[in-house]
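Each chain is listed here by its residues.
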Amino acid sequence: MRGTDMFIGDDEAESLRQFLLSRRTALGMGVAAISLSALSPRSGFAQGSGQSGAAITVDQARSAPIPIGIPSFGPGLGAQISEVIAADLGNTGLFKVLASSPGAPDFDMLKSEGARAAVSGNVLGSGDVQVEMRLWDVLTGGQIQGTRYSANRANWRRIAHIIADVIYERLVGEKGYFDTRIAYISRTGPGRQLTTRLAIMDQDGENAHILTQGRWLTLTPRFDPRQDRLAFMSYANNRPRVYLFDIKSAQQRLLGEFHGISFAPRFSPDGHQVVLSATRAGGSDIWVVDLASGVKRQITSSGAIDTSPCFSPDGTQIVFNSDRGGSPQLYIMSASGGNARRISYGQGSYGSPVWSPRGDVIAFSRIANGSFSLGVMGPDGGGERILTEGFTVESPTFCPNGRVLAYCRQTRAGHRGAGFSTMIDTIDITGFHGRTIPTRTGASDPAWSPYNG
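These numbers were taken from a predicted model, which means no experiment stands behind them.

Colleague: Give me the environment of Val166: which residues, what numbers.
Modeller: Inspection of the secondary structure puts Val166 in helix H6 (residues 156-172). The sequence separation of Val166 and Gly146 amounts to 20 residues, and the corresponding C-alpha distance is 10.0 Å. With sequence-adjacent residues up to four places away left out, Val166 is seen in contact with Met133, Gln145 and Tyr149.

Colleague: Account for the pattern of salt bridges, naming residues and giving values.
Modeller: In the structure shown here, the tally under the stated rule is 15 salt bridges. Its salt-bridge partner being Arg158, residue Asp179 comes within 2.6 Å of it at the nearest N-O pair. In this pair, Asp179 sits in the loop between H6 and strand E8 (181-188) while Arg158 sits in helix H6, placing the two residues 21 residues apart along the sequence. The two residues Asp179 and Arg158 agree in class, both being buried. Residues Asp228 and Arg181 are paired through a salt bridge, measuring 3.1 Å at the closest nitrogen-oxygen approach. Here Arg181 lies in strand E8 and Asp228 lies in the loop between strand E11 (218-223) and strand E12 (229-234), a separation of 47 residues in the sequence. With respect to class, Asp228 is no different from Arg181; both count as buried. Connected through shared salt-bridge partners, Glu174, Arg358, Asp360 and Arg403 make up one network.

Colleague: Give a detailed account of the side chain of Thr422, specifying residues and quantitative values.
Modeller: The topology assignment puts Thr422 in strand E29 (residues 422-428). A polar contact is formed between the side chain of Thr422 and the side chain of Gln410, at a distance of 3.4 Å. Not counting the four nearest positions on each side in its chain, Thr422 is found in contact with Arg187, Cys408, Arg409, Gln410, Gly442, Ala443 and Ser444.

Colleague: Mind laying out the packing of helix H4 (residues 77-90) against H6, listing which residues take part and the relevant values?
Modeller: Two elements in contact, H4 and H6, have axes separated by 9 Å at closest approach and are oriented at 45°. Relative to H6, the element H4 lies oblique. As H4 packs across H6, the resulting crossing turns out to be right-handed. Here H4 contributes Leu77, Gln80, Ile81, Val84, Ile85, Asp88 and Leu89 to the contact with H6, which in turn contributes Trp156, Arg157, Ala160, His161, Ile163, Ala164, Ile167 and Tyr168. Taken together, the residues of the contact of H4 with H6 break down into 11 nonpolar, two polar and two charged.

Colleague: Can you break down the packing of aromatic side chains residue by residue, with the values?
Modeller: Throughout the structure, instances matching the rule amount to 11 aromatic pairs. Between Phe107 and Trp136, the ring centres sit 6.0 Å apart and the planes meet at 70°, which makes this aromatic pair edge-to-face. Pair noted here: Phe107 is in helix H5 (residues 107-112) and Trp136 is in strand E6 (residues 128-137), with a separation of 29 residues, a long-range link. For Trp136, a relative accessible area of 5% corresponds to the buried category. Taking the centre distance of 5.4 Å and the plane angle of 80° together, the rings of Phe258 and Trp287 count as edge-to-face. Of this pair, Phe258 sits in the loop between strand E14 (251-254) and strand E15 (262-267) while Trp287 sits in strand E17 (residues 283-290); the two residues are 29 residues apart in sequence, bridging distant segments of the chain. We classify Trp287 as buried; its relative accessible area is 19%. These aromatic residues form a ring-pair network of at least three members: Phe95, Tyr168, Tyr177, Phe178 and Trp448.

Colleague: Just give me the short version of the sheet that holds strand E20 (residues 317-322), but keep the residues and values in it.
Modeller: Strands belonging to one sheet form pairs held by backbone hydrogen bonds; the direction of such a pair is parallel or antiparallel. Reading across from one edge, E19-E20-E21-E22 is the order of the four strands in this open sheet, with antiparallel pairing throughout. Edge positions in the open sheet fall to strand E19 (306-311) and strand E22 (341-342), since each of these has one partner strand only. Of the pairings in the sheet, the one linking strand E21 (residues 329-334) to E22 comprises two bridges and is antiparallel in character. Within E22, the position partnered with Ile332 by the bridge is Arg341.

Basis of the calculations
Residues numbered from 1 in each chain as written. Predicted model: local features only at pLDDT ≥ 70, side-chain atom pairs only at ≥ 80, totals over all residues. Heavy atoms only, no water. Helix = DSSP H or I, 4+ residues; strand = E, 2+ residues; numbered from the N terminus. Contact = heavy atoms within 4.5 Å. Salt bridge = Lys/Arg side-chain N within 4 Å of Asp/Glu carboxyl O. Buried < 20%, exposed > 50% of the residue type's maximum accessible area, 1.4 Å probe, protein only. Polar contact = N/O pair within 3.5 Å; in protein donor to acceptor, adjacent residues only side chain to side chain. Axes fitted to C-alpha atoms, helices over the stretch in contact; angles between N-to-C directions. Parallel < 35°, antiparallel > 145°, perpendicular 65-115°, else oblique. Left-handed = near helix turned anticlockwise from the far one by under 90°. Nonpolar A, V, L, I, M, F, W, Y, C, P; charged D, E, K, R; others polar. Phe/Tyr/Trp six-rings, centres within 6.5 Å; stacked < 30°, edge-to-face > 60°. Pairing = 2+ DSSP bridges.

Take it as geometry only, folks, not as evidence of what the structure does.
Okay, here's the thing in structure tokens:
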């Protein structure tokens, strides 16, 4: 196999390139935004259209979702945009979306329905469109935010996600995560005829694109935090190894030669390195590969199976899975290797650790008494909590603000595989508001992108 292969046709690659270009230039070429002055400037959640702040915290919104009125932004495209905004906010479990009349908010009516906030908006234009959004404090009638977005009509869904992000941030005080993507493995075909393809979609399951042809088994895609590329494992030519896939050019290259199999890649927070596992007789070690120079550095040599490494958000530590103590458990060590300390002490075997972007918790999968579960614990091993259980739940990945996990859920198969399915679910880190992301095929191995990824 050559070091670089084209996996999709030229026409498809160009279409995909244009689609991705519009994403990475969100506030440049793709979507331009300008502030709108307040129509009724009175105090509210946050005064004016340019200040930040929130009267409601995330924890408060979890116990009492924020009632918010969201009307149609007009016929056709306007209705579609408002539907996406409502779905984004409603799917968090932090908002209770109320239908309201188009045009300026009827504050008296909204107050009677218990609304705390309201949105108004409209859409103008055909080829290039302008979408105007205003966010209001229902209790005071004051404008919290006013913004007009200009973009090509093809970017309408992205405008909706950006608006939902703005509303989320202004009302709960944290960045939203709706204008993001999830890489995953598309799965088609039964049993031994299973075909796996590298794929990517918006965080709500829309705009799905298949990136590879499916000739070889493909697993564990991971986003580069700085560039439009993925690290993943491919069984190309029946030799499992880690590759880098450039999303814009649809080309891939092998990430270093190892004596054994390379697998379980993840990027460093600055995107300059990839940490992975490589096999040797009877076990596997963890290596760091410098992407600029190609230099490889081995950082474990325990004689055990050391795998599934993941950097801390500040890049100074690595959490990983190892059976050096007799069963698969979680360990943390310096990013340079050495001084590994065990952090998991619950019942069963632990795996798939991933550090939250916030740095406060580590997610993991666990097998105990023949049952799979998914949970989180502190970097010191404290505060372990199980979020969900199932026949198989694995491969957790955090959204960029660390509030939601996506993961793979598999159902039990019946006779001849009947009823078996593989899907991507999400759940809040408190263990509430689980849902399934709709996909056109079976889906596994999710990896959530960074912001604007």
